[in-house]
Amino acid sequence: MEKTETTKATLKRGIGLFDATMIGLGAIIGGGIFVVTGIAAGLAGPALTISMLISAAIASFTAFSFSKLSAVLPKEGGIYGFAYEFISPSAGFIVGWMWIFSNIFVGAAVSLGFASYFAALFPSLPVKVIASAICLFFTILNLIGIRQSAMLNSVLVSAKILVLVFFVAFGLFYVSGSNFVPFAPNGSFGVLQGSALIFFAYAGFARITILAEEVKDPSRTVPQSILLALGISTVVYLFTSFVAVGLIGYVDLSISNSPLAEAIGVTGNNFAVSLISVGAIMATASVLLTTILGVSRVVFSMARNNDLPKFLCSIHSKFKTPYYAVAVTGSLMVLAIIFADLSRLVAISSFAVLLYYSLANLAAMRLSRRKKYFRIVSSVGLLSCLGLIPFLAVDSWIIGVIGIAFGIVFYQAWKKVKK
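Residues numbered from 1 in each chain as written. Predicted model: local features only at pLDDT ≥ 70, side-chain atom pairs only at ≥ 80, totals over all residues. Heavy atoms only, no water.

Examining the overall build of the protein chain
Rules: Secondary structure counts use DSSP, requiring at least four H or I residues in a row for a helix and at least two E residues in a row for a strand, with both numbered from the N terminus. Our radius of gyration looks at C-alpha atoms and nothing else; its globule reference is 2.2 Å times the residue count to the power 0.38. Accessible area is worked out with a 1.4 Å probe on protein chains only. A residue is then buried under 20% of its type maximum, exposed over 50%, and partly exposed in between. We call two residues in contact when some of their heavy atoms are within 4.5 Å. Values of accessible area rely on a 1.4 Å probe in the Shrake-Rupley scheme; residue burial ignores everything except the protein chains shown. When charges are tallied, Lys and Arg are placed among the positive residues and Asp and Glu among the negative ones, while His and the ends of the chain are skipped. Every charge is mapped to an atom, namely NZ of Lys, CZ of Arg, CG of Asp or CD of Glu.
Across its full length, the protein chain holds 15 helices and two strands. For 419 residues, the compact-globule formula gives about 22 Å, and the C-alpha radius of gyration of the protein chain, at 20 Å, lands near that figure. On the principal axes, the C-alpha backbone points of the protein chain span a range of 65 × 50 × 40 Å. Taking all 419 residues of the protein chain together, 59% fall into the buried category. At a minimum sequence separation of 6, the contacts of the protein chain that also span at least 24 residues come to 83%. Accessible surface computed for the protein chain: about 15800 Å², of which carbon and sulfur atoms make up 70%. Taking the average location of the 28 positive side-chain charges in the protein chain and that of its 13 negative ones, the two points are 11 Å from each other.

Here it is as structure tokens:
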């Protein structure tokens with residue numbers, strides 16, 4: 001049995017700008033574009049590209065806030081640390097709790113997305129068994145080390161971007177203008193509903209802030225990687241969503257659990273369908289990998305501050321990873337896979353993401369009191385995140401509020417235990 005470290009909870013710096021950007025892209029380009037595109041298309045119709053632009057604009061304001069915060073406080077835990085430091089310890093706990101809560105559901109959602117595309121290639125395999133198995137595999141990989149996870153993620157990200165470039169280039173020749181009429185069948189409300197849901201697809205842009213203590217020169221590298229990842233993913237999303245709607249129309253797109261494979265199928269090219277399915281498998285795999293990575297580091301950071309049980313910040317002496325935090329993260333994701341469905345997982349995740357990103361913007365406003373321009377940008381980020389929440393499904397509100405309430409109860413009880 002390897003010895004572990006609990007008192008000296010320090011992590012190894014091994015991530016440069018390329019890997020940091022790839023971790024951001026790995027967290028962004030995945031379940032959103034390969035899976036949630038269909039669900040959002042059912043709300044926004046062909047105006048899905050407008051929903052994408054609205055979500056990208058909102059994400060860019062919040063990304064600016066994250067860039068400022070990470071330059072000033074490049075510590076493990078990201079948004080949890082920002083709220084803890086610049087708002088209050090109790091706000092920090094709630095933000096960290098919601099990050100864990102939402103990303104457990106994100107991990108479960110992308111695991112099911114992975115399984116849906118995998119089952120399209122191998123129909124005899126049950127979806128939830130595949131999803132649970134891939135989640136456990138990446139949990140083990142995260143236990144082994146950050147460098148190995150980052151290397152595999154960079155390979156997966158490069159491959160899935162190439163697959164999406166192929167999807168756009170090949171599918172563009174089969175796009176039909178009739179699929180864009182009517183452009184916004186559910187009006188502006190449907191477009192905003194699509195934006196609220198598709199924000200799920202951009203949620204990973206801040207993932208690298210969670211790993212700041214494992215990044216080389218974090219004050220420069222983390223902000224640069226956030227903006228690079230968001231810019232690249234936005235361009236990829238716009239072209240991909242346009243071609244997807246143009247191939248089969250929003251109605252058929254909305255009823256598929258593997259929408260891009262379904263869309264490229266209209267070309268009649270079986271190789272293209274298989275390639276897109278493989279690309280989706282790699283894309284959702286990389287999101288799952290970085291999600292487990294991110295959640296486990298927030299758990300680690302909260303435990304180090306004694307906001308969660310102390311054993312969760314134990315670091316393995318050989319692998320230098322917070323192995324208890326990783327194991328708990330993976331186990332909770334498997335439970336979510338077993339007991340929830342894809343569309344509900346996405347809605348709950350979007351609610352929590354918009355809520356804690358609102359608090360990140362509030363933290364940035366506290367940081368920028370003397371800089372009016374910065375404060376205005378963060379204010380817009382705060383209001384726009386809050387403004388999308390009402391367009392989510394009611395059950396996502398209910399489950400999200402229950403999650404927050406449970407976190408508050410736990411926090412109050414844990415404070416008494418610590419005394």
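Next comes the rest of the write-up.
Examining the environment of Phe61
Note on placement: Phe61 falls in helix H3 (residues 48-72). Note on Phe61: relative accessible area 30%, which makes it partly exposed. On a C-alpha basis, the gap between Phe61 and Ser378 in space is 6.4 Å, while along the polypeptide they are 317 residues apart. Non-local contacts of Phe61, meaning those with residues more than four positions away in its chain, are made with Asn361, Val377, Val380 and Gly381.

Some remarks on the side chain of Ser132
Applied cut-off: In protein, a polar contact requires one atom able to donate a hydrogen and another able to accept it; more generally it is a pair of N or O atoms within 3.5 Å, and residues adjacent in sequence count only if both atoms are side-chain atoms.
Counting through the fold element by element, Ser132 comes out in helix H6 (residues 127-144). Using a relative accessible area of 13% as the deciding quantity, one classes Ser132 as buried. Engagement of the side chain of Ser132 in a polar contact is seen with the backbone oxygen of Lys128, the distance being 2.9 Å. Residues contacting Ser132, with those up to four places away along its chain left out, are Val334, Ile337 and Ile338.

Re a nonpolar patch on the surface
For clarity, the cut-off: Patch membership is restricted to residues that have no salt bridge and whose relative accessible area is over 30%. Joining uses 9 Å for like charges and 5 Å for the nonpolar side chains Val, Leu, Ile, Met, Phe, Trp and Tyr. Only one rule defines a salt bridge in this text: a Lys or Arg side-chain nitrogen within 4 Å of an Asp or Glu carboxyl oxygen.
On the surface, Leu172, Phe173, Tyr174, Phe242 and Val266 cluster together to form a nonpolar patch covering roughly 530 Å² of accessible area. Tracing the sequence through the fold places Tyr174 in the loop between helix H7 (146-171) and helix H8 (187-202). Owing to a relative accessible area of 38%, Tyr174 belongs among the partly exposed residues under this scheme.

Quick look at the packing of aromatic side chains
For clarity, the threshold we go by: Each Phe, Tyr or Trp ring, with Trp reduced to its six-membered ring, pairs with another whose centre is within 6.5 Å; inter-plane angles below 30 degrees give stacked pairs, above 60 give edge-to-face pairs, and intermediate values give tilted ones.
For the structure shown, the criterion picks out 21 aromatic pairs. A ring pair is formed by Trp97 and Phe406, whose centres lie 5.9 Å apart and whose planes are at 45 degrees; its orientation type is tilted. Of this pair, Trp97 sits in helix H5 (residues 89-121) while Phe406 sits in helix H15 (residues 394-418); the two residues are 309 residues apart in sequence, bridging distant segments of the chain. When its relative accessible area of 15% is taken as the criterion, Trp97 is described as buried. The exposure class of Phe406 is exposed, given its relative accessible area of 56%. Taking 6.1 Å as the distance between ring centres and 10 degrees as the angle between the ring planes, the aromatic pair formed by Phe410 and Trp414 counts as stacked.

What to know about the confidence of the model for the protein chain
Quick reminder of the rule: pLDDT measures how confident the predictor is about each residue, on a scale from 0 to 100.
Summary statistics for the protein chain give a mean pLDDT of 82 and a share of 91% for residues scoring 70 or more. For the protein chain, the element scoring lowest by mean pLDDT is strand E1 (residues 4-5), at 44; helix H9 (residues 218-254) scores highest, at 88. Contacts of residues 1-8 to residues separated by more than four positions or lying in other chains number 17 contacts, the stretch itself having pLDDT below 50.

Concerning helix H4 (residues 79-86)
For H4, the buried fraction is high: six of the eight residues fall into the buried class. Those residues of H4 not exposed but buried are Ile79, Tyr80, Gly81, Phe82, Ala83 and Phe86.

Here we look at the packing of H5 against helix H12 (residues 323-339)
Two packed helices can be described by the angle between their axes and the distance between those axes. Which entries qualify depends on this criterion: Comment: axis = line fitted to C-alpha atoms, over the contacting stretch for helices; angle = value between 0 and 180 degrees taken between N-to-C directions. Between 65 and 115 degrees an angle is taken as roughly perpendicular, under 35 as roughly parallel, over 145 as roughly antiparallel, and anywhere else as oblique. Take the far helix as the reference: if the near one is turned anticlockwise from it by less than a right angle, the crossing is left-handed, and if turned clockwise, right-handed. Three classes are used: nonpolar for Ala, Val, Leu, Ile, Met, Phe, Trp, Tyr, Cys and Pro, charged for Asp, Glu, Lys and Arg, and polar for all others, with Gly counted as polar.
At a minimum axis distance of 8 Å, the contact between H5 and H12 shows a crossing angle of 60 degrees. One element, H5, and the other, H12, form an angle in the oblique class. Where H5 crosses over H12, the handedness of that crossing is right-handed. Of the residues in H12, those in contact with Asn103, Ile104, Gly107, Ala108, Ser111 and Leu112 of H5 are Thr329, Leu332, Met333, Ala336 and Ile337. Its residues placed into classes, the contact of H5 with H12 shows seven nonpolar, four polar and no charged.

Section: unusual backbone geometry
Cis geometry is adopted by the peptide bond preceding Pro182, which originates at Val181 and carries an omega value of -5 degrees. For Asn306, which is not a glycine, the phi torsion comes out positive at approximately 65 degrees. In this fold, Asn306 is placed in the loop between helix H11 (270-304) and strand E2 (315-316).

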